[in-house]
Each structure stands twice: as structure tokens, then as C-alpha cells.
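# Remarks on the overall topology
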Amino acid sequence: METLKRTKVKELLNSTAYGTDVIVKGWVRTFRNDKFIAINDGSTINNIQAVVDSTIDETLLKRLTTGAAISITGELIESIGKGQKVEIQVKTLEILGDSDAEKFPLQPKKHSLEFLREIAHLRFRTNTFNAVFKVRHALAFAIHQFFNERGFVYLHTPIITASDAEGAGEMFRVTSLDFDNPPRTEDGKVDFKQDFFGKSTNLTVSGQLEGELAAMALGEIYTFGPTFRAENSNTTRHLAEFWMIEPEVAFNDLNDNMNLAEDLLKYVITYALETCEDELEFLKNRLLEEEKQKPQDERAEMDLLAKLHFVSSNDFIRLSYTEAIEILKNSTPNKKKKFKYLIENWGADLQSEHERYLVEKHFKKPVILTDYPKDIKAFYMRQNEDGKTVRAMDILFPGIGEIVGGSQREERLDFLEKRMQEMNIPTEDLYWYLDTRKFGTAPHAGFGLGFERLVLFVTGMTNIRDVIPFPRAPKTAEF
Ligand code: 4AD
Ligand code: MG
């Protein structure tokens, strides 16, 4: 016995080594009829059943409550019950950690996601979150594998920066100054020269600018790290702290950029389908249950698995912003004034209601929109010959809206400097960025994929706070 090692539940459930002794460690999910323990150890969303008989001490069994951590040894036997192939006939049972049954918030019943969000420190112990975080892991792994196979270099860009990459100014400040008594300049402003970094700094909104520097020598790089935005967006698709994947490729144009993004998305979705079968099956059924609450005509046309197969095996629609505006202008919700923001003129910024109309109602496929008006896009995008649009691309997904934002970059120094001046972007502070355009400048392109939006899509969850372990959002930083 002493030489036995713990076997994971996942392995045991696939085993046919009946008659052998095994050790299982995990947490009690349910204990029924003083006889059947359902044990989960996190290795799979499925539990293994352990059966106890009268040889096990009664006082021990009394302590066997939902949530308790236990270690058992026993014989693996073929199960006669339905739903499982194997079970364990318990020989010894040890309680590693009791669980106060009265106070344990997770009872063996369905809890709402809102409630589980309030106990995010315990929600890992549910099947839903086990499945979500397994899929999240698989997607992260697939992203690294995709880029590694293609010779990209994984670049770690800084989290603390002194620049505003998106020029939108929605940043969290980083400082070690004394808030109650900061040093002041002669004109009464806070003197950041005396701050830790000798200048005003913040948490990064994007690793792109640094990514471009590296791409101008390494050729193909990608970043995959945390990103911070202090925008006060209390929506189901925004986080204040989210993870972003940002590839940047020398000599790529907008078309190459679209191909790379489409390939990446299809690759990682296919990887999840192949490696997370149990989890996605569970999430599909979870969603089907939820759909039953909705009226017939509001239910999804495809289940989760069908949707993932559909997206990974069909070409995305590609069209220009100008074409999209025409479609939206003439759309029924626009004519019937159903959109919150009506589309009247070329130049209007697209809201998520418009993006979702294009994807879910009009094309019924993922859509890549290109060549947006320059005034609604960032300073670094390459300007088109028309003088009005830039070589931008946004990828729009069903149920999500924008999942990717990117562009071909403005590689011409004079165009870039002029645009920065027009948009009040300080050229002196970004001298290092402009240097790439002075020394061996070259066409290049890249994009940012919002990792949580990807996880949202693949898991079929509906709130972005349910696909990151500990969400950061306005008034939310509990755990
Ligand atoms: O469109 P965004 O702002 O683009 C950039 O940051 C560029 N620097 C990317 C690049 O070209 N290298 O953000 C990219 C993606 C969005 O499409 C969205 O998926 C996600 O990041 N995103 C967010 N995800 C969650 N919460 C937020 N507040 C997000 N803001 C953007
Ligand atoms: Mg964007």
C-alpha cells in the first residue's frame, strides 16, 4: 500500500484495470445514502464514484460533507450503476480537510453565475468554471503553439510604460509618490520628475509600439500579456485588466494581416475542439439548458459545437467600412429606428449593435471590416491614397462584436509625423518609435486579439467576467 501513488480521476475513469488497488485524492461533491461519494480532483469535470460499506468508521462518515478534502484507497471495480464504467470500493478513508457543511456556499444544486461571481474564490469548484478554465488554458497553449510553429518570437513588452499606445488616454497611473503630500513644481503641478521613474508612468494599454520595434529586426514577433484600460465600461465585454495577443510582422500588408488573424482564430478554435471535448460538450449542454428559458424565436440557430465547427471551417467575409455603412444605412433596424445609434453618415463610429447586426443578421458569418475613416482610428495606421481612410481591420464575431483590431502601420515618416501632430500625440516622447521610420523603415502590420473575448466565444459564456479567474472592472477588485 505504502508504495501506491495517487492516480488522477481522469485516468481512472478511462481505466479497465479492475481489481487493482488505487489511491484517489480530491474533494467531495456529493455524499448520498451514507454510501456513495462523488469525488472530483479537478483533472476532469467528471467525478469518480467511491462506495463505502460498514467497515468504514461511522464518525468519519459523519464528517464527509460536500466540499471536504479526502484521500481514499480502494479497489477499482467495474460499475453496475449507469453513467459510469468504473467505481472504487473504499478500503481506507482519510479526511484531509473538513468542510463546514452549514456554511459552505456551494451546495449540490445549480447556482447563478451572478452569485458565483461574488464567491469567485470558490467558483473554481463548479463544473462550469472547471470547464471554462480548462478551455482558457487550451486556447492560451494553442496560441503559443501556432506562433511557435511559424517562427514567431514571443516578446515580453513592459507593463509599466510612459507612453499611451492607443492615444486614447484611458490609463491607470503608476506612482510611488505620497498621495497626501506629493512634491510640486513651481506652478503647483505634481512633480513627476521626483516620482520613482523620474516621469509620469502608467499601466500599458497595448504592447504594440514596443512590438513594432522588435519586429523591425526579428521579423515576426507576438506579445501575450496583461493590458489595462481605465475606461468606465460596465459591459459584458469589457474588463479593466484583460489579456491581449499582439503579433507584428515586418513586410506584411493588410491582406497578409487578415490572413494571419483568420488562420490564428481557426487554428485555436480547432485546437479547443480537439482537446477539450468533455468540457465543450458540457458547456454546450449548459447553454442548451439556458436557451430553454428563452422564447423559441430568440434561441440560437446553432449549438456551441456546431457554431465552433462553422467558424473554423468557413471563410470570413471581408468588406470595407464604406460597404458596411451602406448595408447598415439600408438595414431594417436603421430604417425602423431600432438602433440606439442610427447610422446616418459615412464617418460614423460603429457600435456593437451595428457590428452584431452585420455578423448575426446580415452575413451570418464572422466579418473582417477594413479601411475605416482615419478620424475614428489610431494615429499609427497607414493612410490610404483617398486621404480619408486608413488600412485598419476589425474582426467581428457573432455574440461578441469586435474580437480583433489591427492595421497595416504607417511606415512613412512624414505621413506619421503629420498625423501625430494633427492628433496631438507628442512626437518628442515617442522619438524612439519614430526612429524605426528613420532607420530602415519597412511596411509592416499587426493586430490585437482580446484573449477573454476569444474565451467568451469558444466557451459560449455571456459575461466576460466569467472567463477570467479574478475579473477587474469598475468597483470590482475583490479577490
Ligand atoms: O482594438 P484595440 O484597442 O487595439 C489595440 O490595442 C491595438 N494596439 C492592437 C494592435 O494592433 N496591436 O484592442 C484589441 C482587442 C479588441 O479587439 C478587443 O478584442 C480587446 O483587445 N479589448 C478588450 N477586451 C476586454 N476588455 C477591454 N476593455 C478591451 N479593450 C479591447
Ligand atoms: Mg479596436
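Figured I'd write up the structure that's included with this text. (Residues numbered from 1 in each chain as written. Chains lettered and ligands numbered in written order. Predicted model: local features only at pLDDT ≥ 70, side-chain atom pairs only at ≥ 80, totals over all residues. Heavy atoms only, no water.)

## Considering the overall build of the protein chain
Scanning the protein chain from terminus to terminus reveals 14 helices and 16 strands. By principal-axis analysis of the C-alpha atoms, the protein chain measures approximately 85 × 60 × 45 Å. Every one of the 479 residues in the protein chain was classed for burial, and the buried ones make up 51%. Of the roughly 24000 Å² that the protein chain leaves accessible, carbon and sulfur atoms contribute 50%. Positive and negative charge centroids in the protein chain, built from 62 and 75 side chains respectively, lie 4 Å apart. (Helix = DSSP H or I, 4+ residues; strand = E, 2+ residues; numbered from the N terminus. Buried < 20%, exposed > 50% of the residue type's maximum accessible area, 1.4 Å probe, protein only. Areas by Shrake-Rupley, 256 points an atom, 1.4 Å probe, with all protein chains shown as cover. Lys, Arg positive; Asp, Glu negative; His and termini not counted. Charge placed at Lys NZ, Arg CZ, Asp CG, Glu CD.)

## Details of the site of ligand 1
As a matter of local geometry, ligand 1 sits amid 24 residues, with E166, Q208, E246, E402 and I403 nearest to it. In this structure, a nitrogen atom belonging to ligand 1 sits 2.6 Å away from a side-chain N or O atom of E166. G405 places a main-chain nitrogen or oxygen 3.4 Å from an oxygen atom of ligand 1. Protein coverage of the free-state accessible area of ligand 1, which is 630 Å², stands at 93%. Sorting the residues of the shell around ligand 1 by element identifies β11 (241–250), β15 (401–408) and β16 (444–450) as the ones contributing at least two each. No other element matches β15, which puts five residues into the shell around ligand 1. (Near = heavy atom within 4 Å. Polar contact = N/O pair within 3.5 Å; in protein donor to acceptor, adjacent residues only side chain to side chain.)

## Observations regarding the packing of helix α5 (residues 208–218) against helix α13 (residues 431–438)
Contact geometry of α5 with α13 gives a least axis separation of 10 Å together with a crossing angle of 30 degrees. With respect to α13, the element α5 is oriented roughly parallel. Crossing of α5 against α13: the hand is left-handed. Between α5, through Q208, L209, E210, E212, L213 and M216, and α13, the contact on the second element is made entirely by W432, Y433, T436 and R437. In the contact of α5 with α13, the residues fall into five nonpolar, two polar and three charged. (Axes fitted to C-alpha atoms, helices over the stretch in contact; angles between N-to-C directions. Parallel < 35°, antiparallel > 145°, perpendicular 65-115°, else oblique. Left-handed = near helix turned anticlockwise from the far one by under 90°. Contact = heavy atoms within 4.5 Å. Nonpolar A, V, L, I, M, F, W, Y, C, P; charged D, E, K, R; others polar.)

On their own, these measurements won't tell you what the molecule is for.
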